[in-house]
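# A structural walkthrough
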Amino acid sequence: MITHMPANLTVFFDGLCPLCSREIAHYRRRVTADSVEFVDIAGPKFDAVTLGLDPVQVHRHIHAKVDGKLITGVDAFRALWGVIPGFRWLHWITGLPGVYSASKVLYAIFAWLRPLLPKRKRSCAGGQYQV
């Protein structure tokens, strides 16, 4: 469980998932300076293996790297919430033992259902990759 506010955070998300994309867009608007790098795993140049990620698992669960350490699921969200103003309370509350356990169960259910959500379509128009 992450218990500190990360200084160097990269979040890997599925840009083809409409829910995931909306949520990440919301976080992008609130994040300060360059405290978080967001990487779309559905992008044409994304290569999980090159980045030291399991190509199957990165599509099943949200991943993040905090100071070089790989974390997934609720811990990835907690790391993100810990650096975004207005979300630090969520980082704190999901760190409480019972809430943390419940959050992990709820995320596991979401991760299991997520592949059933409709996907966004991407196109390449005029040499520019678009969503």
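As a reminder, the structure under discussion sits directly above these lines.
Our subject in this report is the structure included herewith.

## Thoughts on the overall build of the protein
Helix and strand counts for the protein come out as five helices and six strands. For the protein, the α and β elements follow one another from N to C terminus as β-α-β-α-β-β-α-α-α-β-β. The proportion of buried residues among the 131 residues of the protein is 41%. The long-range share in the protein, meaning contacts at least 24 apart out of those at least 6 apart in sequence, stands at 66%. When the accessible surface of the protein is split by element, carbon and sulfur atoms take 61% of a total near 7700 Å².

## Quick look at the layout of surface pockets
To find the voids left in a structure, one rolls a probe of water-molecule size over its atoms. Of the pockets and cavities examined, the largest pocket occupies roughly 330 Å³. If you trace the largest pocket, you find 20 residues lining it, with Glu23, Ile62, Phe77, Tyr107 and Phe110 closest to the centre. If you list the elements that add at least two residues to the lining of the largest pocket, you get strand S1 (9-13), helix H1 (18-30), helix H2 (57-60), helix H3 (73-83) and helix H5 (97-113). Sort the elements by how many residues they give to the lining of the largest pocket and H1 lands first, with four residues.

## Quick look at a nonpolar patch on the surface
On the surface, a nonpolar cluster with roughly 700 Å² of combined accessible area is contributed by Val105, Leu106, Ile109, Trp112, Leu113 and Leu116. Within the secondary structure, Trp112 sits in helix H5.

## Focus on unusual backbone geometry
Phi angles above zero are rare outside glycine, and Asp67 is one such case at about 50°. Among the secondary structure elements, Asp67 is positioned in the loop between strand S3 (63-66) and strand S4 (69-72).

## Points about the nonpolar core
Core analysis: the biggest nonpolar cluster contains 25 residues, and Leu9, Val11, Tyr27, Val36, Phe38, Leu80 and Ile84 have the highest contact counts within it. Elements that contribute at least two residues to this core include exactly S1, H1, strand S2 (36-40), S3, H3 and H5. Take this core: its biggest share by element is seven residues, from H3. Setting aside chain neighbours within four positions, we find Val11 in contact with Ile24, Val36, Glu37, Phe38, Val39, Ile62, His63, Ala64 and Leu80. Listed in part, the seven residues of the second largest apolar core include Phe12, Ile41, Leu53 and Val58.

## Points about the packing of aromatic side chains
The geometry of an aromatic ring pair is captured by two quantities: the separation of the ring centres and the angle between the planes. Enumeration over the complete set of coordinates arrives at five aromatic pairs. The interplanar angle of 85° and the centroid separation of 5.3 Å between the aromatic rings of Tyr27 and Phe87 together place this pair among those described as edge-to-face. Taken together, the positions of Tyr27 in helix H1 and Phe87 in the loop between H3 and helix H4 (88-93) put the pair 60 residues apart, joining distant regions of the chain. Each of the two residues, Tyr27 as well as Phe87, counts as buried. The structure contains a cluster of three or more aromatic residues connected by ring pairs, namely Phe77, Trp81, Tyr107 and Phe110.

## Quick word on the packing of H3 against H5
Interaxial distance between H3 and H5 falls to 8 Å at its minimum, and their mutual angle equals 115°. In terms of orientation, H3 lies roughly perpendicular with respect to H5. For the pair H3 and H5, the contacting residues are Gly73, Val74, Asp75, Phe77 and Arg78 in the first and Tyr100, Ser103, Lys104 and Tyr107 in the second. Counted by class, the contact of H3 with H5 contains four nonpolar, two polar and three charged residues.

So, how was this worked out
Throughout, a residue's number is its position along its own chain's written sequence, starting from 1. Where totals are concerned, whole chains, interfaces and linings use all residues; where local detail is concerned, this predicted model gives features only for residues with pLDDT of at least 70, and gives and counts side-chain atom pairs only at 80 or more. Heavy atoms throughout the structure, all of them, feed into the side-chain values; hydrogens and water do not. Secondary structure counts use DSSP, requiring at least four H or I residues in a row for a helix and at least two E residues in a row for a strand, with both numbered from the N terminus. Whether a residue is buried, partly exposed or exposed follows from its accessible area with a 1.4 Å probe, protein chains only, as a fraction of its type maximum: under 20%, in between, or over 50%, in that order. Should any heavy atoms of two residues lie within 4.5 Å, those residues are considered in contact. For every accessible area listed, the method is Shrake-Rupley and the probe measures 1.4 Å; residues are considered covered only by the protein chains on display. Cavities and pockets were defined on a 1 Å grid built from protein atoms only: a cavity is a group of points that admits a 1.4 Å probe but offers it no way out, a pocket is an open group of points flanked by protein on both sides within 12 Å along at least five of seven lines, and a lining residue is one with an atom within 4 Å of any such point. Grid points are joined across faces, edges and corners, and a volume is the space filled by probe spheres set on the points. Residues enter a patch when their relative accessible area is above 30% and they make no salt bridge; the linking distance is 9 Å between like charges and 5 Å between nonpolar side chains (Val, Leu, Ile, Met, Phe, Trp, Tyr). A carboxyl oxygen of Asp or Glu within 4 Å of a side-chain nitrogen of Lys or Arg is what we treat as a salt bridge. We define the nonpolar core as a collection of buried residues of types Ala, Val, Leu, Ile, Met, Phe, Trp, Tyr and Cys that are connected through side-chain atoms lying within 4.5 Å of one another. Between the rings of Phe, Tyr and Trp (Trp by its six-membered ring), a pair exists once the centres lie within 6.5 Å; its type follows the angle of the planes, with under 30 degrees stacked, over 60 edge-to-face, and the other angles tilted. Throughout, an axis means a line fitted to C-alpha atoms (over the contacting stretch in the case of helices), and angles, computed between N-to-C directions, take values from 0 to 180 degrees. Angle categories: roughly parallel below 35 degrees, roughly antiparallel above 145, roughly perpendicular from 65 to 115, and oblique for all the rest. Gly counts as polar in this scheme, as do all residues outside two lists: the nonpolar Ala, Val, Leu, Ile, Met, Phe, Trp, Tyr, Cys and Pro, and the charged Asp, Glu, Lys and Arg.

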